[in-house]
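A structural walkthrough
Residue-level listing of the chains:
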Amino acid sequence: MRADNSAIPPASIAVAEPDGTSRTTSAIMSKATAATTAAAGGSGSRTAPGSSAGRSGTVLAGLGVVAFSLTFPATAWGLESFGPWSLVALRSVLAALIAGSALLAARVPPPERRHWAGLAVVGGGVVVGFPLLTTLALQTSTTSHAAVVVGLLPLTTAVLGSLRTGERPSRTFWTAALAGAAVVIGFTVQQSGGALAPGDLYLFGALLVCAAGYTEGGRLARLMPGWHVIGWALVLCLPLAVAGSLVALPLEPVHLNAHGVLGLVWVAAGSTFLGLYVWYRGMAAIGVARASQLQLAQPLLTLVWSFLLLGEEMSAAAPVAAVAVLVCIAATQRAGRGAAGVSRRVRS
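Residues numbered from 1 in each chain as written. Predicted model: local features only at pLDDT ≥ 70, side-chain atom pairs only at ≥ 80, totals over all residues. Heavy atoms only, no water.

Each helix and strand counted, the chain has 14 helices and 2 strands in total. Accessible area of the chain: about 16,200 Å², with a carbon and sulfur share of 69%. (Helix = DSSP H or I, 4+ residues; strand = E, 2+ residues; numbered from the N terminus. Areas by Shrake-Rupley, 256 points an atom, 1.4 Å probe, with all protein chains shown as cover.)

Next up, the structure:
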């Protein structure tokens, strides 16, 4: 059990200083712990949401959401040139090469053995599982319909994060999260005509594996820099991605065009590497549950990109849904700040 999660304050022993003042051992240990964490370059514990670091975490997580919102349209472009298995394999290979080059350039040592299992969950969820399942789904579903999986993802990630990391959001947070999920799901189902698509099983599977990858990545990002988390997860998946490319490329036709190449580059460099880098940094700063609710905006952003880039229709209800989602996001962020304040007072 971690000491900073305990409601019992540590014992304090006065220590005399040469100038006649005194300090407590708890204060000395707190300063020493902070110095050690900074020297190690780790993320440490979650920052206070109302602090400048907490606001920076929210901005970083928000940038991750913007990057993720382009994933479905970029995947649709990529499918113009590649088959689904080839696209996912090449996406992982390219992203792993970018990540591996960055890790080598920075001379980052391999993670400790105890972190490899968590990195495998991240790789299986966000590097392999989610891209593969959503790409298979987009063969029969529009990007507007596929956005329903993102409508459920924030709530699923918050639930798994609470179970895995021990975060305990308030009832207000859960009420706002459920309301936001209901708004997004209702809107996206209305956009798709209310009918289930053949690829919905793929989408629901993608929802579960992605939420697991987000949760584990957010936990690991408190122990190491966020880009190390996604970087090593990508490197771990590189042998599987190379093998998949060698098998899929001869079997699936390749028709290169500008859309296909741009789509591949974005899902590899933008969504998989850069997007997850800022996303995990944000999650480490403000917590898995609170960061996850920023993704309530992702389906609406995806619909905007689908309208602009793919020419898909967007209903007149979109602005109303957007306002409702923004209200729910604001409520979850406010509830998260209040819960963090209570937690800090209990520990002090």
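After that view, the rundown keeps rolling.
All right, on to empty space enclosed by the protein then. Applying the stated criterion across every chain, the model contains 1 cavity of 30 Å³ or more. The set of elements that each furnish at least two residues to the lining of the largest cavity consists of α5 (116-137), α7 (148-165), α9 (200-220) and α11 (258-286). Each residue belonging to the lining of the largest cavity can be placed in one class, and the counts come to 9 nonpolar, 5 polar and 1 charged. (1 Å grid on protein atoms, 1.4 Å probe; cavity = no way out; pocket = protein on both sides within 12 Å on 5 of 7 lines; lining within 4 Å. Points joined across faces, edges and corners; volume = space filled by probe spheres on them. Nonpolar A, V, L, I, M, F, W, Y, C, P; charged D, E, K, R; others polar.)

Take the side chain of Ser92 next. Position of Ser92 among the secondary structure elements: in helix α4 (residues 84-105). With residues up to four places along the chain from it excluded, the contact list for Ser92 reads Val127 and Ala241. (Contact = heavy atoms within 4.5 Å.)

Time to look at the packing of aromatic side chains. Per the counting criterion, the structure on display carries 6 aromatic pairs. Centre to centre, the rings of Phe68 and Trp279 are 5.7 Å apart; their planes meet at 75°, and the pair counts as edge-to-face. Pair noted here: Phe68 is in helix α2 (residues 52-69) and Trp279 is in helix α11, with a separation of 211 residues, a long-range link. For Phe68, a relative accessible area of 6% gives the class buried. Looking at Trp279, the relative accessible area reads 0%, which means it is buried. Judged by centre distance (5.4 Å) and plane angle (85°), the ring pair of Phe173 and Trp174 falls under edge-to-face. Within the aromatic cluster, the residues linked to one another by ring pairs are Phe68, Tyr214 and Trp279. (Phe/Tyr/Trp six-rings, centres within 6.5 Å; stacked < 30°, edge-to-face > 60°. Buried < 20%, exposed > 50% of the residue type's maximum accessible area, 1.4 Å probe, protein only.)

Quick look at the nonpolar core now. One recurring pattern in soluble globular proteins is that nonpolar side chains are buried together. In terms of nonpolar packing, the biggest core is built from 58 residues, with Val126, Tyr214, Trp279 and Tyr280 touching the most fellow members. Among the elements that line this core, the one with the most residues is α11, at 9 residues. Apart from the residues lying within four places of it in its own chain, the contact partners of Val126 are Pro131, Cys210, Gly213, Tyr214, Ile230, Leu276 and Tyr280. With 6 residues, the next largest nonpolar core counts Leu155, Ala158, Ala177 and Ala181 among its residues. (Core = buried A, V, L, I, M, F, W, Y, C linked by side-chain atoms within 4.5 Å.)

This part takes up the pattern of salt bridges. A full pass over the atoms with the stated rule returns 2 salt bridges. With a closest N to O distance of 2.6 Å, Glu216 and Arg219 form a salt bridge. Here Arg219 and Glu216 lie together in helix α9, a separation of 3 residues that amounts to about one turn. (Salt bridge = Lys/Arg side-chain N within 4 Å of Asp/Glu carboxyl O.)

Moving on: the environment of Gly54. Looking at the element boundaries, Gly54 is found in helix α2. Classification of Gly54 as buried rests on a relative accessible area of 0%. C-alpha separation for the pair Gly54 and Ile286, spaced 232 residues apart in sequence, amounts to 5.8 Å.

Here we take up the confidence of the model for the chain. Per-residue pLDDT for the chain has a mean of 78; in total, 77% of the residues score no lower than 70. Throughout residues 1-46 the model reports pLDDT below 50, and contacts reaching past four residues in sequence, or to other chains, amount to 43 contacts. Low pLDDT (under 50) marks residues 339-348, which in the prediction has 6 contacts with non-local residues, meaning those over four places away or in another chain. (pLDDT = per-residue confidence, 0-100.)

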